[in-house]
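Structure at a glance
Letter by letter, the chains look like this.
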Protein chains: 2
Amino acid sequence: MLARRLRPSAARWSQQCSQQWARAYSAQAAKGSPDIDPSALTVEKTSSPKALLDSKDLIFGRNFTDHMLSIEWTAQDGWLPPRITPYQNLSLDPSACVFHYAFTCFEGMKAYKDSKDRVRLFRPDRNMHRLNRSSSRIALPTFSGEKFTELIQKFVKMEERFIPKQKGYSLYIRPTIIGTQNTLGIGPPGSALLYVIASPVGPYYPTGFKAISLEATESAVRAWPGGVGDRKLGANYAPCIVPQMDAAKRGYQQNLWLFGEEGYVTEVGTMNMFVAWVNEDGVKELITAPLDGTILEGVTRESILELAREKLVPEGWKVSEQKFTMAQMKKAADEGRLLEAFGAGTAAVVSPVKAITWRGEEIKIPLSPGKETGPLAESFWNWMLAIQYGEVEHPWSKVLSE
Amino acid sequence: MLARRLRPSAARWSQQCSQQWARAYSAQAAKGSPDIDPSALTVEKTSSPKALLDSKDLIFGRNFTDHMLSIEWTAQDGWLPPRITPYQNLSLDPSACVFHYAFTCFEGMKAYKDSKDRVRLFRPDRNMHRLNRSSSRIALPTFSGEKFTELIQKFVKMEERFIPKQKGYSLYIRPTIIGTQNTLGIGPPGSALLYVIASPVGPYYPTGFKAISLEATESAVRAWPGGVGDRKLGANYAPCIVPQMDAAKRGYQQNLWLFGEEGYVTEVGTMNMFVAWVNEDGVKELITAPLDGTILEGVTRESILELAREKLVPEGWKVSEQKFTMAQMKKAADEGRLLEAFGAGTAAVVSPVKAITWRGEEIKIPLSPGKETGPLAESFWNWMLAIQYGEVEHPWSKVLSE
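Residues numbered from 1 in each chain as written. Chains lettered and ligands numbered in written order. Predicted model: local features only at pLDDT ≥ 70, side-chain atom pairs only at ≥ 80, totals over all residues. Heavy atoms only, no water.

All names here are of chain B. Mapped onto the elements of the fold, threonine 325 is located in the loop between β16 (318–321) and α7 (326–334). With a relative accessible area of 11%, threonine 325 lands in the buried category. The residues touching threonine 325, leaving out its near neighbours within four places in the chain, are Glu262, Gly263, Tyr264 and Val265. (Helix = DSSP H or I, 4+ residues; strand = E, 2+ residues; numbered from the N terminus. Buried < 20%, exposed > 50% of the residue type's maximum accessible area, 1.4 Å probe, protein only. Contact = heavy atoms within 4.5 Å.)

All right, on to the relation of the copies chain B and chain A then. Its rotation angle being 180°, the transformation that places chain B on chain A also includes 0.0 Å of axial translation and leaves an RMSD of 0.0 Å. Expressed as a symmetry operation, the mapping of one chain copy onto the other fits a two-fold axis. Of all interface residues in chain B, 98% are interface residues in chain A too; the two copies therefore contact each other through one and the same surface. (Least-squares fit on C-alpha atoms with pLDDT ≥ 70 in both.)

Our next topic: the interface of chain B and chain A. Contacts between chain B and chain A engage 93 residues on the former and 92 residues on the latter. Summed over both partners, the interface of chain B with chain A buries about 7,800 Å², with 63% contributed by carbon and sulfur atoms. Taken together, the links from chain B to chain A amount to zero salt bridges. Summed over the shared surface of chain B and chain A, the result is 31 residue pairs in polar contact (both at pLDDT 80 or more). Counting residues per element, the side of chain B that touches chain A draws most heavily on helix α1 (residues 9–29) of chain B, at nine residues. Along the lines of polarity and charge, the residues of the side of chain B that touches chain A split into 54 nonpolar, 27 polar and twelve charged. (Buried area = accessible area lost by both parts, 1.4 Å probe. Salt bridge = Lys/Arg side-chain N within 4 Å of Asp/Glu carboxyl O. Polar contact = N/O pair within 3.5 Å; in protein donor to acceptor, adjacent residues only side chain to side chain. Nonpolar A, V, L, I, M, F, W, Y, C, P; charged D, E, K, R; others polar.)

The next subject is the pairing of strand β14 (residues 271–278) of chain A. Residue and element names in this part refer to chain A. Within β14, seven of the eight residues are buried, which leaves it mostly tucked inside the rest of the structure. Bridge analysis of strand β13 (residues 264–268) against β14 gives two bridges, and the strand direction is antiparallel. Across the sheet, the residue bridging to valine 268 is methionine 271, located in β14. A loop of two residues connects β13 with β14, the two strands running antiparallel in sequence, and glycine 269 in this loop sits at a positive phi of about 55°. (Pairing = 2+ DSSP bridges.)

Counting 126 residues, the largest nonpolar core has Phe99 and Phe148 of chain A together with Phe99 and Phe148 of chain B as the members making the most contacts within it. Every residue in contact with phenylalanine 148 of chain A, bar those within four places of it in the chain, is listed here: Ile36, Leu69, Ile71, Met128, Leu131, Phe143, Pro175, Leu194 and Val196 of chain A. (Core = buried A, V, L, I, M, F, W, Y, C linked by side-chain atoms within 4.5 Å.)

Quick look at the structure:
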């Protein structure tokens, strides 16, 4: 009976896998394979424009603009012509690899209206850089960041009426790449979809800062050396929900991710974590975990570090990307050296922390008198927003051409 | 201006998140919330049945049967009535959380035709147990494994004509749960879809075993204590492709996952890893990594361990679920004590290994004279298939009622 199996399925499978690998290599290698081509963009406008929601009714990531930007990719043909279409459902085969093997990565960006009604993006080059790094880590295609940014700008201009005009409001932009190949065989996807949707959002702190309490998570680990915690993969998010729910159940707004027996402080919820203290040498220091492969390379993180080097170092501050532990934080608190702590991310910009519960003990973190933030977090918030909303001219803020 | 924001979006977001958490708790807690109800099943038959492919043209996970089984879940209403419909695309909002945050987990099962033309499943209770564990780890809903198995049986009976009759062939069954909530806010999904598709597949070794060469991966780590490597989440798969491609590029069929500076042997590609050696005490030992949270709880792994305890221990073998290192394997090979190595999983059952390259050195692994397998892997393969195809009666093999 075995002899009759002349063209057996397993051999075909193996052959198919090799072809997939081969396609993936050549697609990655071939510099000549079609990159994203903004000039090939087609636009289909919606025939039923949405009514704008009142700003007070905006819920983060719940309501979307009229259109979406989509670019298909195949291993054979590279990036196909970009399309702006009415916002619509994705129709995918139930065997599509995104549904089974988490072939997905994404970015979070914002478009802002400045006082002159111009539209601005904040450091889109950083998002493009990171999206390419995320995509290549899971065998999805890469692209020219400049060309994709050009398309995002066209898309945002089309959706301009959805950008609220008040400071603090913005249009949240979500570029996503998913693997779309219809097969359960595990390998590099032979097809993918890069798409962008956008959601008008309000300020994180509409009535002023609201400092949060954290619980240090001991039962779960977000990322590890040699893992993918430094890439913005979907895979890093679903596993974080239950630990966050556990912290929420006990009354904490977020959980704090630690690493190793030493209790290294890594991230807070889905934000990077900053601490300010007077260090053991008596020097004022702003510290955040280093990019050792376990930390998301936050655009806000990077921006805060650059601002700190520009504005705090001349005032005698030390700015450090170095490992630090919960024990060090507790010692600093006990000795009155702990100054401030805050999370940093695109959604909140900064998120002041007022307490961390760790191994049953609460470490209190100082706030400015009568405020729900410390002075440093407030300064960074002001500096960042001034740039994002174009109140000061800065190369990080990119004005969209008319 | 701030004062005007009476019902601000961020407060709404925070409110919405709390509601999501609350819904998720109550959905998990409420034993009374509707479980899967097989009696509510509705069936819509296809009007265009597919032609059966010739067995030789089957490619793993590429062609599917006529129908699919779907069960929607909402936090509010629990599991909705199950539906069997024609196989069709899923239509999802581009903001659906599966596309962004990898809310997906799955199972791999097989249905077999025995010599009396009866349909058999292999240990479906183990798959149901694991799927529930995977789902709850990423805040997706759980369900009664018995009730879902009842529905899978009905579905498989409907698709019976797709199960090839030859031994070694089977119908690969893929249950999948995805989060379907349409929001970019990160939290427990308020809705989900559990669905099952099925693909007729051929034997992994149609012309007899084909031993594989592995490359031990040093640059990436699959799983970590406190991580999710023991759950069958999509999140564990996409990040594995590039390391596998790297190994393939250098001519190895699979990569071998190690852990820690000690070089603990964990998994091979997407299979569990077994090694047989004469240990340092001079005892014949079959060893595999323990379920310490970094190892997928393979149904084939568990079955091989049980068969080994039943059949090998009386012959003087020791059967161990214990950590072991590459250095120990190399020492055993150098001293002539290394007997065999093989991967174990649903697709291949067993996959004999003939060599492992580790830090530039190749460790040769013995095979039976003139064969592409060792004697142990061959025995397990024979034992497993005899049970799966009902050649021996065994409680692991579940005959579907007519």
